[in-house]
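Topology and contacts: notes
Residue-level listing of the chains:
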Amino acid sequence: MADRPPPLSSRRGFIKSGLIGAATLASGLAARAAGGEEVITEIQDWNRYPGDGVDARPYGKPSQFEAHVVRRNVPWLTSDTISSVNFTPLHELDGIITPNGLCFERHHAGIAEIDPAAYRLMINGLVERPLVFTLADLKRFPRENRVYFLECAANSGMEWRGAQLNGCQFTHGMVHCVMYTGVRLRHLLDEAGLKSEGKWLLAEGADASAMTRSIPMEKALDDCMVAFAMNGEALRPEQGYPVRLVVPGWEGNMWVKWLRRLEVGDQPWQHREETSKYTDLLANGKARRFTWLMDVKSVITSPSPQAPITHGKGPLVLTGLAWSGNGIIKRVDVSVDGGRNWKTARLDGPSLPMALHRFYHEFDWDGSELFLQSRAIDEKGFVQPTKEALRAARGPNSIYHNNGIQTWHVNKDGVIENVEIS
Ligand SMILES: Nc1nc2c(c(=O)[nH]1)N[C@H]1C(S)=C(S)[C@@H](COP(=O)(O)O)O[C@H]1N2
Ligand SMILES: [Mo]
């Protein structure tokens, strides 16, 4: 085994090259002159030795050099990790689809590990025929594939009183977007036979939190799905394996995971505060009762505090995400001067209703300080508000449904901070 290469991290070529990071650009050129760099002029180990065979990685994982791209939690936010949340690393991702292993998790009693053979979904209440479905039963209904974002109503909630967390992973990472495969809820309710008084649906999870939510029947019959796959494979346990409810465009709390029961009723149910209350307090002390739809929102994911500018002046790709529970995103504007001047960003990738949209804005950075902002506009004409406008409407003590415009301050060294300006 004498010719076995040393582990990658100690290989001379990689350590010395500085391939990632410290490059200085010739002004206006996003490349460098050829010659002198041994990572390209010298043969590297990966070029010399054969690698792993096809039986070494039966379920593929990202490159070892991407090990920092992970979900993270904020330890001081909740008293334990069972009823808690972690955040999608938005600053490291591109396109509109969130990889399954990076979708943020929000549980009230940890992850339920359900044996699919023992999985049952019951429909009862105001129906002609109460029914119980196995997973195999669900897979005998016509299937649909739909790409949707899921956003927790508490996303950006920590930012209500001022800039708080330094990174879009933490300020905006309670969102993910995957392609779901499943069956329309409508087909299952038809099978059970809805009674005409059935105006509300109670959705109940099989986890230890026994979470329930009331969903108006109109929405349930419109576009809700009972999903068993995400991005082409079975749901992950974290996301509700084997079956979760999909409630397009509406707050994440209603997307009941580990779905075990649907009860049809004639009015909304009373729910336990700690699992199902995402009520918005208003400035006058009143509360907005039903605020299910997630409003138009966007954030610049790079550059951002966790993705500083390390390449110096010259060509820069600014990118971010926009989404709305009202449908598709029509336009995203970007400002580099804190909202004084706006330019239309370039949307690229599929534009699907109630899904994440990807935008880009390419410009030459002259090395001066910037105040980066993005502002999304959806197909219904709703424009993402400033944080001041939101506070004026709801007062300083609100928490949920914060879709205000985010500002990132870029200093001359390319270091970036979460700030608020007025
Ligand atoms: N059964 C069950 N469903 C649940 C929850 C839960 O704790 N238990 N959390 C809800 C909340 S508050 C959110 S934001 C979403 C999060 O979905 P995710 O973990 O797939 O990101 O699931 C919802 N569905
Ligand atoms: Mo949530």
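Everything numeric here is computed off the predicted structure, so don't read it as measured data. (Residues numbered from 1 in each chain as written. Chains lettered and ligands numbered in written order. Predicted model: local features only at pLDDT ≥ 70, side-chain atom pairs only at ≥ 80, totals over all residues. Heavy atoms only, no water.)

**Notes on the pairing of strand 17 (residues 314-323)**
- When you tally the buried positions in strand 17, you get 8 out of 10 residues, the bulk of the element.
- Of the strand pairs in this sheet, strand 17 and strand 21 (residues 357-365) are connected by 9 bridges, and their pairing is antiparallel. Looking at strand 21, one finds that V317 is bridged to E362. (Buried < 20%, exposed > 50% of the residue type's maximum accessible area, 1.4 Å probe, protein only. Helix = DSSP H or I, 4+ residues; strand = E, 2+ residues; numbered from the N terminus. Pairing = 2+ DSSP bridges.)

**Examining empty space enclosed by the protein**
- In the structure shown here, the tally under the stated rule is 3 cavities of 30 Å³ or more.
- Approximately 240 Å³ is the volume found for the largest cavity.
- R106, R244, G252, W255 and K257 are, among the 21 residues lining the largest cavity, the residues nearest its centre.
- Classifying every residue of the lining of the largest cavity by side-chain character gives 8 nonpolar, 7 polar and 6 charged.
- What the second largest cavity holds in volume is close to 50 Å³.
- Lining of the second largest cavity is provided by E151, M294, D295, K297, H401, N402 and N403.
- Of the residues assigned to the lining of the second largest cavity, the class counts are 1 nonpolar, 3 polar and 3 charged. (1 Å grid on protein atoms, 1.4 Å probe; cavity = no way out; pocket = protein on both sides within 12 Å on 5 of 7 lines; lining within 4 Å. Points joined across faces, edges and corners; volume = space filled by probe spheres on them. Nonpolar A, V, L, I, M, F, W, Y, C, P; charged D, E, K, R; others polar.)

**Things to note about the packing of aromatic side chains**
- Enumeration according to the criterion identifies 6 aromatic pairs in this entry.
- With a centroid separation of 5.7 Å and an interplanar angle of 75°, the aromatic rings of F87 and F170 are classed as edge-to-face. Of this pair, F87 sits in strand 2 (residues 84-87) while F170 sits in helix 5 (residues 168-172), and the two are 83 residues apart along the sequence.
- Of the residues examined, F87 reaches a relative accessible area of 0% and is grouped as buried.
- Judged by centre distance (5.1 Å) and plane angle (15°), the ring pair of W250 and W292 falls under stacked. Pair noted here: W250 is in the loop between strand 12 (244-246) and strand 13 (259-265) and W292 is in the loop between strand 15 (287-288) and strand 16 (297-302), with a separation of 42 residues, a long-range link. Per residue, the accessibility class of W250 equals that of W292, and both read buried.
- Put simply, the rings of W200, W250 and W292 touch in pairs and so form one group of aromatic residues.
- Over the face of the ring belonging to F228 we find K139, whose NZ or CZ atom lies 5.2 Å from the ring centre.
- Cation over ring: R375 sits above W342, and NZ or CZ is 4.1 Å from the ring centre. (Phe/Tyr/Trp six-rings, centres within 6.5 Å; stacked < 30°, edge-to-face > 60°. Lys NZ or Arg CZ within 6 Å of the ring centre and 35° of its normal.)

**Digging into the side chain of S374**
- Among the structural elements, S374 can be located in strand 22 (residues 370-378).
- Polar contacts involving the side chain of S374 include one to the side chain of S298, which spans 2.8 Å. (Polar contact = N/O pair within 3.5 Å; in protein donor to acceptor, adjacent residues only side chain to side chain.)

**Topic: the site of ligand 1**
- Taken together, 22 residues surround ligand 1, and among them F104, H108, D207, R244 and K257 come closest.
- Within the side chain of H108, a nitrogen or oxygen atom sits 2.7 Å from an oxygen atom of ligand 1.
- Between ligand 1 and the protein, one listed contact pairs a nitrogen atom with a side-chain N or O atom of D207 at 2.8 Å.
- For ligand 1, the accessible surface in isolation is 530 Å², of which the surrounding protein chains cover 100%.
- The cavity where ligand 1 resides is the largest cavity.
- Here the shell around ligand 1 is composed, by residue class, of 8 nonpolar, 8 polar and 6 charged. (Near = heavy atom within 4 Å. Areas by Shrake-Rupley, 256 points an atom, 1.4 Å probe, with all protein chains shown as cover. Sits in = over half its atoms within 2 Å of the grid points.)

**A short note on helix 6 (residues 185-192)**
- Listed in full, the buried residues belonging to helix 6 are L185, L188, L189 and A192. Along helix 6, the residues classed as buried sweep out an arc of 95° about the axis, all on the same side.
- Positioned one or two residues after helix 6, G193 has a phi angle of 80°, which is positive. (Arc of directions from axis to C-beta.)

**Concerning the sheet that holds strand 9 (residues 212-216)**
- Pairing is mixed in the open sheet, where 5 strands are placed in the order 5-4-13-8-9. At either margin of the open sheet sits one strand with a lone partner, and together these are strand 5 (131-133) and strand 9. The average undirected angle you get between the axes of adjacent strands in this sheet is 20°.
- For strand 8 (residues 200-205) and strand 13, the ladder comprises 6 bridges, and the chain directions are antiparallel. The residue of strand 13 that forms the bridge with E204 is R261.
- Against the sheet, helix 6 contacts strand 4 (121-125), strand 5, strand 8 and strand 13, and its axis sits at roughly 55° relative to strand 4. (Axes fitted to C-alpha atoms, helices over the stretch in contact; angles between N-to-C directions. Contact = heavy atoms within 4.5 Å.)

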